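Residue-level structural notes
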Amino acid sequence: MGLNGKIALVTGGAQGIGLAIAKRLAGDGAHVVLADIQLEAAEKSSEEIKSLGGLASAKRLDVTDLKEIQSVFDSISKEHKPVDILVNNAGITRDGLLVRMKESDWDAVLSTNLKGCFLCTQQATKQMMKQRSGSIVNIASIVGVMGNFGQANYSAAKAGLIGLTKTTAREVASRGVTANAVAPGFIDTEMTQKLDEKVRNAMLEQIPLGKFGSPEDVADSVAFLVSDQAKYITGQVININGGMLM
């Protein structure tokens, strides 16, 4: 996609979908900074990307900590240049029925999945608006559109993420910055691989294409949205769900 010379920051980039995105962006020529609360894992993943011929580095980042976010953005600017691409992927789950959900579980998910995205986006847009260019992609979810049993906190956070994306897009468009979201459905990750076979089969029955998506399917869409081929696309939500939600 021609990302040579671009600096891309991927939060939650040490593993899963975040790592797949980082690998794809590095493969397209970007220098990818894997920012993750698990620094050792992020460093290991960055070394993997470098072994494949890509440019990568790792930073510890707790997306709920504003001072740490500011420090990461400042250090990237000093070591390289301001961030050109931000992928807000960091997220957690604390599932449970609404009537039994602990307030702490609600707060933890909203803080990481939504507030963290807001704080990182705020720092990125300050830099991007000055340089009058940049791309932001937020990793939402199908459950932010349709809801899901036992995920009131996660669904609310992802729905909020979609609203944040659209507002961001409107506010920064005049400065040449785009903001979009991707909403994955059931993706074949370590989490879904651990599910009971009956549960997995029940999920598959809801997907017209008859298979789970891969982290690379998500990465491909992100790579497109941050490329010049998508320079006239902003404020959109790309659904990646095999037809489960149309």
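The following paragraphs examine the structure supplied in this document. (Residues numbered from 1 in each chain as written. Predicted model: local features only at pLDDT ≥ 70, side-chain atom pairs only at ≥ 80, totals over all residues. Heavy atoms only, no water.)

**Here we look at the overall build of the protein chain**
Definition in use: For helices the rule is a DSSP run of H or I covering at least 4 residues; for strands it is a run of E covering at least 2, with both sets numbered from the N terminus onward. Only C-alpha atoms enter the radius of gyration, while the globule expectation follows 2.2 Å times N to the 0.38, with N the number of residues. Partly exposed describes any residue whose relative accessible area lies between the buried limit of under 20% and the exposed limit of over 50%, with all areas from a 1.4 Å probe on protein chains only and scaled to the type maximum. In this analysis, two residues are considered to be in contact whenever any of their non-hydrogen atoms come within 4.5 Å of each other. Exposure was quantified through the Shrake-Rupley algorithm and a 1.4 Å probe, taking into account, for residues, occlusion by the shown protein chains and nothing else. Residues counted as positive are Lys and Arg, residues counted as negative are Asp and Glu, and His and the chain ends are not counted. The atoms used to mark charge sites are NZ of Lys, CZ of Arg, CG of Asp and CD of Glu.
If you tally the helices and strands in the protein chain, you get nine helices and seven strands. Taking 2.2 N^0.38 as the reference for a compact globule, 246 residues should give roughly 18 Å; the C-alpha atoms of the protein chain span a radius of gyration of 17 Å, in line with that estimate. Over its C-alpha atoms, taken along the principal directions, the protein chain stretches across nearly 50 × 35 × 35 Å. Expressed as a percentage of its 246 residues, the buried residues of the protein chain come to 50%. The long-range fraction of contacts in the protein chain, counting pairs at least 24 apart against all pairs at least 6 apart in sequence, stands at 71%. Element-wise, carbon and sulfur atoms account for 51% of the exposed surface of the protein chain, whose accessible area totals about 12100 Å². The positive charge centre, built from 26 side chains, and the negative charge centre, built from 26, are 6 Å apart in the protein chain.

**A look at the pattern of salt bridges**
Pairing between side chains of opposite charge can happen when their charged atoms approach one another. In plain terms, the rule: One side-chain nitrogen of Lys or Arg within 4 Å of one carboxyl oxygen of Asp or Glu is enough to make a salt bridge.
Summed over the entire model, instances satisfying the criterion amount to eight salt bridges. Glutamate 79 is paired through a salt bridge with lysine 59; the nearest N and O atoms lie 2.8 Å apart. Of this pair, glutamate 79 sits in helix 3 (residues 66-79) while lysine 59 sits in strand 3 (residues 55-60); the two residues are 20 residues apart in sequence, bridging distant segments of the chain. Three or more residues joined by partner-sharing salt bridges are found here, namely Arg24, Asp28 and Asp220.

**Concerning the nonpolar core**
What counts is decided by this rule: Side-chain atoms within 4.5 Å are what join buried Ala, Val, Leu, Ile, Met, Phe, Trp, Tyr and Cys residues into a set we call a nonpolar core.
By size, the foremost hydrophobic cluster in this structure holds 30 residues, and its most contacted members are Ile21, Leu25, Val32 and Val222. In terms of residues, this core owes the most to one element, helix 1 (residues 16-27), which gives seven residues. Leaving out residues up to four positions away in the same chain, valine 222 has contacts with Ile21, Val87, Val137, Ile139 and Val182. The next biggest cluster of nonpolar side chains, apart from the first, holds 22 residues, and it includes Leu9, Ile69, Val83 and Leu86.

**What about the sheet that holds strand 2 (residues 31-36)?**
By definition, the strands of a sheet pair up through backbone hydrogen bonds, in either a parallel or an antiparallel sense. Using the following cut-off: For two strands to count as paired, DSSP must find a minimum of two bridges between them. Fitting a line to C-alpha atoms yields each axis, with helices limited to the stretch in contact; the angle taken between N-to-C directions then spans 0 to 180 degrees.
Pairing within the open sheet is parallel, and its seven strands lie in the order 3-2-1-4-5-6-7. Since the sheet does not close on itself, it has two edges, and those belong to strand 3 and strand 7 (237-240), each with one partner. In this sheet, neighbouring strand axes are inclined to one another by 20° on average, regardless of whether the strands run parallel or antiparallel. Looking at chain direction, strand 6 (residues 177-184) and strand 7 are connected through four bridges and run parallel. Its bridge partner lying in strand 7, proline 184 is registered against isoleucine 240. Seen against the sheet, helix 6 (residues 152-172) touches strand 5 (134-139), strand 6 and strand 7 and runs at an angle of roughly 160° to strand 6. Along the sheet, helix 9 (residues 215-225) makes contact with strand 4 (85-88), strand 5, strand 6 and strand 7, crossing strand 6 at roughly 165°.

**A few points about the layout of surface pockets**
We count it as follows: In this analysis, the protein atoms alone were mapped onto a 1 Å grid. Cavities are point sets where a 1.4 Å probe fits without being able to get out; pockets are open sets with protein on both sides within 12 Å along at least five of seven lines; lining residues have an atom within 4 Å of a point. Grid points are joined across faces, edges and corners, and a volume is the space filled by probe spheres set on the points. Under the scheme applied here, ten amino acids are nonpolar (Ala, Val, Leu, Ile, Met, Phe, Trp, Tyr, Cys and Pro), four are charged (Asp, Glu, Lys and Arg), and all others, including Gly, are polar.
Roughly 1400 Å³ of volume is contained in the largest pocket. Gly91, Ile92, Thr93, Tyr154 and Met191 are the residues nearest the centre of the largest pocket, which is lined by 45 residues in total. Contributions of two or more residues to the lining of the largest pocket are made by helix 1, strand 2, helix 6 and helix 7 (190-193). Class assignment for the residues of the lining of the largest pocket results in 20 nonpolar, 17 polar and eight charged. In this structure, the second largest pocket spans a volume of roughly 200 Å³. Lining the second largest pocket we find 14 residues, and of these Lys6, Gly134, Ser135, Val226 and Asp228 sit closest to its centre.

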